[in-house]
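Examination of the molecular architecture
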Amino acid sequence: MNHSLVKILVKAKELNKWVPARFLEKYDIQKVNLLKLEDADLILIKRSKSEGLLLKLTLKGYHYFNK
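Residues numbered from 1 in each chain as written. Predicted model: local features only at pLDDT ≥ 70, side-chain atom pairs only at ≥ 80, totals over all residues. Heavy atoms only, no water.

1. Overview of the sheet that holds strand β3 (residues 52-57)
One open sheet holds the three strands; their spatial order is β1-β3-β2, and the pairing between them is antiparallel. The sheet is open, and its two borders are formed by β1 (19-20) and β2 (43-48), each paired with just one other strand. Summarising the sheet, β1 and β3 pair through two bridges and their orientation is antiparallel. Of the residues in β3, the one forming a bridge with V19 is L55. Helix α1 (residues 3-14) contacts β1, β2 and β3 of the sheet and is inclined by roughly 80° relative to β3. (Pairing = 2+ DSSP bridges. Helix = DSSP H or I, 4+ residues; strand = E, 2+ residues; numbered from the N terminus. Contact = heavy atoms within 4.5 Å. Axes fitted to C-alpha atoms, helices over the stretch in contact; angles between N-to-C directions.)

Laid out in structure tokens, this is it:
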């Protein structure tokens, strides 16, 4: 996964915030298999009518990506 993308998701986890996926498009979020990460319990995915797809690392994902 793109290093900048990982940094954004880690920082959002530290702030306990969800990140809209549309803001991550310039970091090649399209190349990441989000369902695979969700199945591995590394990321949470939530759909919002106003914001669209929202992403947040799980605690396991935070420790995995914050090495």
